[in-house]
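Residue-level listing of the chains:
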Amino acid sequence: MAKLLSCVLGPRLYKIYRERDSERAPSSVPETPTSVTNPPSSSWDTYYQPRALEKHADSILALASAFWSISYYSSPFAFFYLYRKGYLSLSKVVPFSHYAGTLLLLLAGVACLRGIGRWTNPQYRQFISILEATHRNQSAENKRQLANYNFDFRSWPIDFHWEEPSSRKESRGGPSRRGVALLRPEPLHRGTADTFLNRVKKLPCQITSYLVAHTLGRRMLYPGSVYLLQKALMPVLLQGQARLVEECNGRRAKLLACDGNEIDTMFVDRRGTAEPQGQKLVICCEGNAGFYEVGCISTPLDAGYSVLGWNHPGFAGSTGVPFPQNEANAMDVVVQFAIYRLGFQPQDIVIYAWSIGGFTATWAAMCYPDISAVVLDASFDDLVPLALKVMPDSWKALVTRTVRQHLNLNNAEQLCRYQGPVLLIRRTKDEIITTTVPEDIMSNRGNDLLLKLLQFRYPRVMAEEGLRVVRQWLEASSQLEEASVYSRWEVEEDWCLSVLRSYQAEHGPDFPWSVGEDMKAEGRQQLALFLARKHLHNFEATHCTPLPAQNFQMPWHL
């Protein structure tokens, strides 16, 4: 009876992975009382085969779940319609509640029938035994056996806790349960006294901004968090997970962030291979509709690096909602996991981000200054110009206030606080982070990210003359045009390198540098072009084109 109840309440099982060669060898770990025999996957199909009863019951419950999701998103309009028609009176609501209660009882009966179908299936019974054994005793053998299954990630046991590193427990500067530290935007009206009357005046605007951010704004900014989209992508995500586990020996793990969100991660270890790049770990930060199963993780994988992918809060197996604070909390526990559980030194970690993932990448670079390098692909400097692009002009004040208070993705500000090597990859046909049309390459916000970084690090070089020639170089939309601008200014790379190395040897590596202070305009222009070319590479493609492995390079450094 206990096993039947477990089958009724247990998670949905999607797939049984093919057994890898490393797992076919006899294990030297002795079996514990809570260990379970390894599933004979060689005699079973790699996809879980539910019995007819479970299959049909699952279909009914999935349909009910989709209907509930549609009802949730359309509820404001439905309530307004019902109110106008007079259906919200007590005489109409009571019968409706009876119908709803009957429907819930029927769905509970369907769930029980599904549990009976699972109970009659030896595959599911063995899976639920392994899952229960792992929750009782998270031994290495039990975890290894559980990793052979892909199931509803909500039931996966916690593998790493944000408070686990001993340094966190001893330090007062680490994150609290309220979250890690973020850079806060300056007030819109500086110097205004924050009196009680002013607060009352601002209250309607603040309420409106909060409602916009938590309804329309968040879903527009992170469409991957919408349940219906995830439902539609589920077959693709399962296929991508199977590829990472079966072909790349990926290891899935659940991390608990300081805000209570559970973060879904996938780690591919290349340290034991012949690839020299395998000693470096690339942490991948996906875009606003990207998942590690099918996202930018494939680029460093194909290049031979060890890779750690993770999903935004609210994406696939990760819980929560993707607001900036939750994003930073998730990134913090991912980096801690890489250092304290996977055993990588910060100097061996590279942060790679695509698109909106630049926010968490730059936050990690700011808070973990010892990481090796940062690579930002198709990213931007600030969210406000891109948000204004897609909203009516009459909403400008509301959009600006909403972004600054609730969705402040200040990538450039965070990146300028990182002292290490940085590489920006600009898509020359990008249709997402341009503020006009894709053909107008000067409206690409990647340009502004580069200029703000160089102006902070080399303020004397990026004075009026240097800024002008870099803008001319940024106008080039092809390699031929780029080389033409570069050669027109006759940049002597050896001279530029010697100047920079001499300054570094004399003054140290910390930015900002005053190099170029006593230099002629021609010298500053050459240095500006040299530095721009070292920090930004062009890729002739649209925003969502996968970056080829040969274009994934480590940033330049002296």
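Predicted, not measured: the structure shown is a model, and the values here were computed from it.

Right, let's talk about the UniProt feature "transmembrane region" (unreviewed entry) in the protein for a bit. Taking the numbering used here, the UniProt-annotated feature "transmembrane region" (unreviewed entry) corresponds to residues 60-84 and 96-116. End C-alpha to end C-alpha, residues 60-84 measures 32 Å, and it is 100% helix and 0% strand. Annotated as residues 96-116, this span is 100% helix and 0% strand, and its ends, taken at the C-alpha atoms, are 31 Å apart.

Now for the layout of surface pockets. Roughly 900 Å³ of volume is contained in the second largest pocket. Looking at the second largest pocket, it is lined by 43 residues, and the ones nearest its centre are Met 220, Leu 221, Asn 288, Ile 356 and Ile 432. Residue composition of the lining of the second largest pocket, grouped by class: 27 nonpolar, 11 polar and 5 charged. For the lining of the second largest pocket, the domains that each give at least three residues are domain 2 (198-420) and domain 3 (427-557).

Domain annotation for the protein reports domain 1 (1-17 + 47-161), domain 2 (198-420) and domain 3 (427-557). Placing a centre on the C-alpha atoms of domain 2 and another on those of domain 3 gives a separation of 25 Å. When the buried area of domain 2 at its contact with domain 3 is split by residue, Asp 381, Cys 416 and Gln 419 rank highest and sum to 23% of it. On the surface where domain 2 and domain 3 come into contact, there are 3 salt bridges. Linking domain 2 with domain 3 are 12 residue pairs in polar contact (both at pLDDT 80 or more). Elements that contribute at least two residues to the side of domain 2 that touches domain 3 include exactly helix 10 (298-302), strand 8 (349-354), strand 9 (373-377), helix 13 (383-390) and helix 15 (411-415). The dominant element in the side of domain 2 that touches domain 3, judged by the number of residues it contributes, is strand 9, at 5 residues.

Read across the sheet, 9 strands follow the order 3-4-5-7-6-8-9-10-11 without closing on themselves; strand pairing throughout is mixed. Each edge of the open sheet is held by one strand with a lone partner, namely strand 3 (160-161) and strand 11 (536-539). Packed on one face of the sheet, helix 16 (residues 445-457) meets strand 9, strand 10 (422-427) and strand 11 and runs near 155° to strand 10. Each of strand 10 and strand 11 is contacted by helix 20 (residues 521-535), which is oriented at about 55° to strand 11, the strand it contacts most.

Our next topic: the packing of aromatic side chains. Overall, the coordinates contain 18 aromatic pairs when judged by the stated rule. Between Tyr 222 and Phe 315, the aromatic rings sit 6.3 Å apart at their centres with planes inclined by 85°, giving edge-to-face as the arrangement. Residue Tyr 222 is found in the loop between helix 8 (196-221) and helix 9 (227-246), and its partner Phe 315 is found in the loop between strand 7 (306-310) and helix 11 (324-341); the two are separated by 93 residues along the sequence. Residue classification places Tyr 222 among the buried residues on the basis of a relative accessible area of 0%. Taken together, the ring pairs connect Tyr 48, Tyr 124, Phe 127, Tyr 149, Phe 151, Phe 153 and Trp 156 into an aromatic cluster. Its end group placed over the ring of Trp 156, Arg 252 keeps NZ or CZ at 5.9 Å from the ring centre.

So, on to the nonpolar core. Residues Ile 283 and Ile 351 are the most contacted members of the largest nonpolar core, which totals 97 residues. Ranked by the residues each element gives to this core, the list is headed by helix 11, at 9 residues. Taken domain by domain, this core gets at least three of its residues from each of domain 2 (198-420) and domain 3 (427-557). Those residues in contact with Ile 351, other than ones at most four positions away along the chain, are Ile 283, Cys 285, Met 331, Ala 361, Ala 364, Ile 371, Ala 373, Val 374 and Val 375. Counting residues in each nonpolar core, the second largest holds 28 residues, with Met 266, Val 307, Val 350 and Leu 423 among its members.

With the rule as written, the count across this model stands at 20 salt bridges. A salt bridge links Asp 381 to Lys 452; the shortest N-O distance between them is 2.7 Å. In this pair, Asp 381 sits in the loop between strand 9 and helix 13 while Lys 452 sits in helix 16, placing the two residues 71 residues apart along the sequence. Given the relative accessible area of 35%, Lys 452 is considered partly exposed. The residue Glu 482 makes a salt bridge to Arg 533 at a minimum N-O spacing of 3.9 Å. With Glu 482 in helix 18 (residues 479-488) and Arg 533 in helix 20, this pair connects stretches of sequence that are 51 residues apart.

The end-to-end C-alpha distance of helix 19 (residues 493-507) is 21 Å, a good match for the 21 Å that 15 residues give at a rise of 1.5 Å each. Remark: Gly 508 follows helix 19 within two positions and exhibits a positive phi of approximately 95°.

Turning our attention to empty space enclosed by the protein. Applying the stated rule across the entire model yields 1 cavity of 30 Å³ or more. Each pocket or cavity is described by its volume, and for the largest cavity that value is around 50 Å³. Considering the residues around the largest cavity, the lining is formed by Leu 376, Ala 378, Ser 379, Leu 424, Ile 425, Arg 426, Ile 433, Asn 444, Gly 446, Leu 449 and Leu 536. Counting only elements with at least two residues in the lining of the largest cavity, the list comes to strand 10 and helix 16. When residues in the lining of the largest cavity are grouped by element, the largest group, 3 residues, is from strand 10. Its residues assigned to classes, the lining of the largest cavity shows 7 nonpolar, 3 polar and 1 charged. Here the lining of the largest cavity spans two domains, and each of domain 2 (198-420) and domain 3 (427-557) adds at least three residues to it.

Conventions and cut-offs
- Residues numbered from 1 in each chain as written.
- Predicted model: local features only at pLDDT ≥ 70, side-chain atom pairs only at ≥ 80, totals over all residues.
- Heavy atoms only, no water.
- UniProt positions renumbered as here; feature names shortened; annotations may be inferred.
- Helix = DSSP H or I, 4+ residues; strand = E, 2+ residues; numbered from the N terminus.
- 1 Å grid on protein atoms, 1.4 Å probe; cavity = no way out; pocket = protein on both sides within 12 Å on 5 of 7 lines; lining within 4 Å.
- Points joined across faces, edges and corners; volume = space filled by probe spheres on them.
- Nonpolar A, V, L, I, M, F, W, Y, C, P; charged D, E, K, R; others polar.
- Domains from an automatic or database assignment.
- Buried area = accessible area lost by both parts, 1.4 Å probe.
- Salt bridge = Lys/Arg side-chain N within 4 Å of Asp/Glu carboxyl O.
- Polar contact = N/O pair within 3.5 Å; in protein donor to acceptor, adjacent residues only side chain to side chain.
- Pairing = 2+ DSSP bridges.
- Contact = heavy atoms within 4.5 Å.
- Axes fitted to C-alpha atoms, helices over the stretch in contact; angles between N-to-C directions.
- Phe/Tyr/Trp six-rings, centres within 6.5 Å; stacked < 30°, edge-to-face > 60°.
- Buried < 20%, exposed > 50% of the residue type's maximum accessible area, 1.4 Å probe, protein only.
- Lys NZ or Arg CZ within 6 Å of the ring centre and 35° of its normal.
- Core = buried A, V, L, I, M, F, W, Y, C linked by side-chain atoms within 4.5 Å.
- Expected span 1.5 Å × (residues − 1).

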